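Spelled out, the chains give:
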Amino acid sequence: NYSGHMSKMLGLAQYYFPIFDRILAEVGVPKEIKYVSIIESSLNPHDVSRSGATGPWQFMYGTAKLYDLKMDNYVDERKDPIASSYAAAKYMKEAYAEFGDWLVAIASYNCGKGAVKRAILKSGKLKPTFWELSPLLPREAQNYIPKFIAMTYTLSYAQDHGIEANDAELALNTQELQIDKLISIAQVAKAVNLSEDVLKKLNPSYKKG
């Protein structure tokens, strides 16, 4: 019953995952962490949770500020797949350095480092594994890691289960260019011979034209 969603995720992953893989490798965290983005946002850069978490990696405003993501009247880098991926990778690397277990680090991404620290204190262990810590974590965090493992497995072995990728609307070979002056998306679209709609989808962090 979930295969339609998985096919859509595989299609979107053809565009997003090469970006994520490059950044995760550069920062030095496992490439499997990219699957967190599917649990968080279903690879929708415009996704906003009830609590205000935004973008493919679902950053809250305060956390985004801690990781130097820019948010103003013109741009919200929580929606930028490149900038937000650097922030998520740095968070995970710091959490792993603190907790010594990748699954605990990923769980902290869901419930916060404070909740994990409190659970560690209750456990009486110095460096507990996620499975040792799980009963002491909030319910959502307890379920978060099984979801992460299931998503990692399913998409890694999709073909074995008859799941094919949907055609991705962003199946383009792109290149990142830095622009150092104000310019309209319409002007850029004309210069690179793309529709404004496609260019906006490739640059979801810009609030205005």
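Residues numbered from 1 in each chain as written. Predicted model: local features only at pLDDT ≥ 70, side-chain atom pairs only at ≥ 80, totals over all residues. Heavy atoms only, no water.

Engineer: Which residues make up the packing of helix α5 (residues 102-111) against helix α8 (residues 139-156), and what values go with them?
Structural biologist: Axis separation between α5 and α8 bottoms out at 9 Å; the angle between their running directions is 125°. In terms of their interaxial angle, α5 and α8 are classed as oblique. In this structure, α5 meets α8 at a crossing whose hand is right-handed. When α5 is examined against α8, the residues L103, I106, A107, Y109, N110 and C111 are found in contact with a partner set consisting of E140, A141, Y144, I145 and F148. Each residue belonging to the contact of α5 with α8 can be placed in one class, and the counts come to nine nonpolar, one polar and one charged. (Axes fitted to C-alpha atoms, helices over the stretch in contact; angles between N-to-C directions. Helix = DSSP H or I, 4+ residues; strand = E, 2+ residues; numbered from the N terminus. Parallel < 35°, antiparallel > 145°, perpendicular 65-115°, else oblique. Left-handed = near helix turned anticlockwise from the far one by under 90°. Contact = heavy atoms within 4.5 Å. Nonpolar A, V, L, I, M, F, W, Y, C, P; charged D, E, K, R; others polar.)

Engineer: So what's going on with helix α1 (residues 3-27)? Residues and values would help.
Structural biologist: By the largest-angle criterion, Q14 marks the main kink of α1, which is about 55°, and a proline, P18, follows within four residues. Looking at the residues trailing α1, positive phi occurs at G28, about 95°. (Bend = angle between axes of the 7 residues up to and from the residue.)

Engineer: Quick one: what's the story with helix α4 (residues 81-99), residue by residue and with numbers?
Structural biologist: Since the α-helix turns once every 3.6 residues, residues separated by three or four places project in the same direction. Taking 1.5 Å as the rise per residue, α4 with 19 residues should run 27 Å; its terminal C-alpha atoms sit 26 Å apart, in good agreement. Every buried residue of α4 is accounted for by P81, A83, S84, S85, A87, A88, A89, Y91, M92, A95 and F99. Where α4 is buried, its residues contact α1, α2 (36-41), α5 and α6 (113-123). Residue D80 occupies the N-cap position of α4, its side-chain oxygen lying 2.8 Å from the main-chain nitrogen of I82. The positive-phi residue at the C-terminal boundary of α4 is G100, with phi of around 70°. (Expected span 1.5 Å × (residues − 1). Buried < 20%, exposed > 50% of the residue type's maximum accessible area, 1.4 Å probe, protein only. Polar contact = N/O pair within 3.5 Å; in protein donor to acceptor, adjacent residues only side chain to side chain.)

Everything listed here is a matter of geometry and, on its own, says nothing about what the molecule does.
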